[in-house]
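# Breakdown of the fold
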Amino acid sequence: MHSVLPDVEKACSMLLQKKLIYNKYDEVGIVVFGTEETGNELAREIGGYENVTVLRNIRVVDEVVAEHVKQLPRGTVAGDFLDALIVGMDMLIKMYGNAQKGKKRLCLITNAACPTKDPFEGTKDDQVSTIAMKMAAEGIKMESIVMRSNLNGDAHERVIEENDHLLNLFSSNAIAKTVNVESPLSLLGSLKTRRVAPVTLFRGDLEINPTMKIKVWVYKKVAEERLPTLKMYSDKAPPTDKFAKHEVKIDYDYKVTAESTEVIAPEERIKGFRYGRQVIPISPDQIETLKFKTDKGMKLLGFTEASNILRHYYMKDVNIVVPDPSKEKSVLAVSAIAREMKQINMVAIVRCVWRNGQSNAVVGVLTPNVSERDDTPDSFYFNVLPFAEDVREFPFPSFNKLPSSWKPDEQQQAVADNLVKMLDLAPSAKEEVLKPDLTPNPVLQRFYEYLELKSKSTDAALPPMDETFKRLIEQDPELISNNKSIMDSFRGSFEVKENPKLKKASKRLLRDKPSGSDDEDNRMITYEPNEKKIDVVGDANPIQDFEAMISRRDKTDWSEKAITQMKNLIMKLVENCTDEGDKALECVLALRKGCVLEQEPKQFNEFLNHLFKLCQERKLCHLLEHFTSKKITLIPKSEAADSDVVDENAGDFTVKQEPMLES
């Protein structure tokens, strides 16, 4: 394991760093196996257990041990992990006896590629069963992390299979689990550096109806791990004061004005809420009366198809709802409901109040979680669902309604497919990359690393990002270099242009260039958030006003208003125009582009037919020439899916009217 020992040292060091922050009274011992020398108490007492060395006896974690694990010895002989487990278990039993049940933990890190010795009596399976039963009796938990990257040719397949079998036996007879990892990043994530004790959020009834209630417990399943709380520190205490707490106390004084010396007492203060230009005072008693009074409990509201609950509806941390383990009927009832829900692909909608006096109730969804293990009961996952006020609606045109010219062609789709396949994080022959269970948070790990450096030197500089954690925030450079042709093909299939108008802190909306310009390419038009909002299509700059109005998203009817006002303005220009109708033409082209973008082809097509008839009646030759040359056409299906006009007929309606131009 010499090639991966630096990663093992890093993982163990991070474990101890976090213990110094969160569990500074934890006690830790270190045993290594596969060393040339032998140094353990069992070898001295009864013999055997060779090539197993105790680097540190069990004692309270400190900075020394965190440094010690960064320099693990490199062994020269094969290591027997069963011998090492027995030595570690013996240390725990001698140290604690029957005390601390459930808090004693063995963590084995190995590649499990070296053969184990045959026992003096019985088989290896019998030996493992005996060890596992002793662990269970002593309340010792065990986890095995099997690192299988870069195995050399000496690793025998039969030995590996036998060792995997022995490790799996521990799970059957003791509180143990085995995790297989291939990369340094997975190794860092597999060693759980902070244990959070399971605490129930709720213990009570899941009410199916007033006459049927199921006893359930609710735990957090997933919750964000945050940085440790940083406390304010004062250096004002004398250096000679050994009992100084260096605490900072903050007091607030409330005054009518900053210059006033009179402090307002708490009983003279009251909360106020803005209502228009007023501030409405509401007393604490009134606030208490306004609170939503609820009773603790979970109530079933009904069932719905799983497809009706979209993934983006999930609002908060995930909880798990398990039956009360002491109530056999509750276990059976939850199992029956969960299995039927999974079979017919349904979920349950429930109303939840976790504690008495809670000022709000939540509505959530229960998703069945059918267990694959005989010793684990079926359960539900619970996610909070939004109310109407929590949902954010953003009106954007559907991609399905965009013109075909705005959709990728077959060649572009093919290169995009190749890009996705190239960056597949779960290839069939390899370990899945970035699995949540095995991926540590780089922000937290970097903080712990820097905290350790600061503990040694207050002037410590921030170290560069660790190469292992770079894999979390950057693409694999080896993968990119091996597939450079795919990246180049993807880049060459999509033309990217610089947007000269792009500004920082601006709202960006996809728009065409100003209508009537020579460059018909799409671009991003930017609107500053503090600029004056346009709500009328004026006579001076109608095209700019129109584009600004259809860009607004503070209400859903701005595009409708912009189209209506632009049509009215065009009619006004046409009725009052001379033979020079350039401004009216530019407005028509702007209206057409806007209707394509907003997918309103029928409005434009009906208006254009009406405008064409008006030009014929008024004999407006200048405008009619544009109809005849097909510079102005109807919006066909290729540009808007809702259009009734096929591409071939987008400009045909003008042909039969050409003789009228000569009269």
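No experiment lies behind these values; they were computed from the predicted model shown.

Conventions we followed
Residues numbered from 1 in each chain as written. Predicted model: local features only at pLDDT ≥ 70, side-chain atom pairs only at ≥ 80, totals over all residues. Heavy atoms only, no water. Pairing = 2+ DSSP bridges. Helix = DSSP H or I, 4+ residues; strand = E, 2+ residues; numbered from the N terminus. Axes fitted to C-alpha atoms, helices over the stretch in contact; angles between N-to-C directions. Core = buried A, V, L, I, M, F, W, Y, C linked by side-chain atoms within 4.5 Å. Buried < 20%, exposed > 50% of the residue type's maximum accessible area, 1.4 Å probe, protein only. Contact = heavy atoms within 4.5 Å. Left-handed = near helix turned anticlockwise from the far one by under 90°. pLDDT = per-residue confidence, 0-100. Patch = residues over 30% accessible without salt bridge, like charges linked within 9 Å, V, L, I, M, F, W, Y side chains within 5 Å. Areas by Shrake-Rupley, 256 points an atom, 1.4 Å probe, with all protein chains shown as cover. Salt bridge = Lys/Arg side-chain N within 4 Å of Asp/Glu carboxyl O. Phe/Tyr/Trp six-rings, centres within 6.5 Å; stacked < 30°, edge-to-face > 60°. Lys NZ or Arg CZ within 6 Å of the ring centre and 35° of its normal. Parallel < 35°, antiparallel > 145°, perpendicular 65-115°, else oblique. Nonpolar A, V, L, I, M, F, W, Y, C, P; charged D, E, K, R; others polar.

This part covers the sheet that holds strand 3 (residues 104-110). Taken in spatial order, the three strands of this open sheet run 3-4-5, and their pairing is parallel. Edge strands, defined here as strands with exactly one partner in the open sheet, are strand 3 and strand 5 (176-181). For this sheet, the mean angle separating the axes of adjacent strands, direction not counted, is 15°. Judged from the seven bridges that link them, strand 3 and strand 4 (residues 140-147) form a sheet pairing that is parallel. Directly across from Leu108, in strand 4, lies its bridge partner Ser144.

So, on to the nonpolar core. The nonpolar side chains of soluble globular proteins are, as a tendency, buried together. In terms of nonpolar packing, the biggest core is built from 38 residues, with Phe546, Met566, Ile570, Val574, Leu591 and Leu611 touching the most fellow members. Sorting the residues of this core by element identifies helix 15 (542-551), helix 16 (558-576), helix 17 (582-597), helix 18 (601-618) and helix 19 (621-628) as the ones contributing at least two each. The dominant element in this core, judged by the number of residues it contributes, is helix 17, at nine residues. The residues contacting Met566, other than those within four sequence positions of it, are Val537, Pro542, Ile543, Phe546, Cys587, Ala590 and Leu591.

Another aspect to go through is the packing of helix 10 (residues 410-422) against helix 14 (residues 484-493). One can describe the packing of helix 10 onto helix 14 by two numbers: an axis separation of 9 Å at closest approach and a directional angle of 145°. Crossing of helix 10 against helix 14: the hand is left-handed. Across the interface between the two elements, Gln411, Gln412, Val415, Ala416, Asn418, Leu419 and Met422 of helix 10 pack against Ile486, Met487, Ser489, Phe490 and Ser493 of helix 14.

Quick look at the sheet that holds strand 14 (residues 379-384) now. Spatial ordering of the closed barrel is given by 6-7-11-14-13-12-10, a layout of seven strands whose pairing is mixed. Taken pair by pair, the neighbouring strands of this sheet meet at an average axis angle of 40°, ignoring direction. One ladder, built from six bridges, connects strand 7 (residues 212-222) with strand 11 (residues 318-323); its direction is antiparallel. Note on strand 11: the bridge partner recorded for Val216 is Pro323.

Residues of the protein with pLDDT of at least 70 account for 89%, and the chain-wide mean is 82. Overall, residues 502-530 carries pLDDT values under 50, and its contacts beyond four positions in sequence, including any with other chains, amount to 61 contacts. The model gives residues 654-663 a pLDDT under 50, and that stretch makes nine contacts with residues more than four places away or in other chains.

Let us look at a nonpolar patch on the surface. Taken together, Met232, Val248, Ile250, Tyr252 and Tyr254 make up a surface patch of nonpolar side chains, about 570 Å² in accessible area. Following the sequence through the fold, Tyr252 ends up in the loop between strand 7 and strand 8 (271-275). Looking at Tyr252, the relative accessible area reads 65%, which means it is exposed.

What follows deals with helix 15. Counting buried positions along helix 15 gives nine out of ten residues, so the element sits mostly inside the fold. Along helix 15, the positions that sit buried rather than exposed are Pro542, Ile543, Asp545, Phe546, Glu547, Ala548, Met549, Ile550 and Ser551.

Let's shift gears to the pairing of strand 13 (residues 362-369). Within strand 13, six of the eight residues are buried, leaving the element largely enclosed by the surrounding structure. Relative to strand 13, strand 12 (residues 346-353) is paired through five bridges, and the arrangement is antiparallel. In the sheet register, Val350 faces strand 13, and the bridge partner there is Gly364. The pairing of strand 13 with strand 14 spans six bridges and is antiparallel. If you follow Leu366 over to strand 14, its bridge partner there is Phe382.

This part is about the packing of aromatic side chains. Enumeration over the complete set of coordinates arrives at five aromatic pairs. Seen from their ring centres, Tyr22 and Tyr448 are 6.3 Å apart, and the 85° between their planes marks the pair as edge-to-face. Taken together, the residues Tyr22 in helix 1 (residues 5-22) and Tyr448 in helix 11 (residues 442-456) connect sequence positions 426 residues apart. You can call Tyr22 partly exposed: its relative accessible area is 23%. Given a relative accessible area of 2%, Tyr448 falls into the buried group. Ring plane angle 70° and centroid distance 6.0 Å describe the contact between Phe447 and Tyr448, whose orientation is recorded as edge-to-face. Here the aromatic cluster, defined as three or more aromatic residues joined through ring pairs, consists of Tyr22, Phe447 and Tyr448. Above the plane of the ring of Trp558 lies Lys561, whose end atom (NZ or CZ) is 4.7 Å from the centre.

Right, let's talk about the pattern of salt bridges for a bit. What the rule picks out here adds up to 29 salt bridges. Note that Glu67 and Lys70 form a salt bridge whose closest N and O atoms lie 3.4 Å from each other. Of the residues examined, Lys70 reaches a relative accessible area of 32% and is grouped as partly exposed. Its salt-bridge partner being Lys117, residue Asp83 comes within 2.6 Å of it at the nearest N-O pair.

Right, let's talk about the packing of helix 4 (residues 81-96) against helix 6 (residues 157-173) for a bit. Between helix 4 and helix 6, whose axes approach to 12 Å, the crossing angle comes to 30°. When the interaxial angle is binned, helix 4 and helix 6 end up roughly parallel. For the pair helix 4 and helix 6, contact is made by Phe81, Leu82 and Leu85 and by Asn163, Leu166, Leu167 and Phe170, respectively. Residue classes in the contact of helix 4 with helix 6 are distributed as six nonpolar, one polar and no charged.

What follows deals with the environment of Lys299. Here Lys299 lies in strand 10 (residues 297-305). Lys299 sits 90 residues away from Asn209 along the chain, and the two C-alpha atoms are 7.8 Å apart. Leaving out residues up to four positions away in the same chain, Lys299 has contacts with Glu207, Ile349, Val350 and Arg351.

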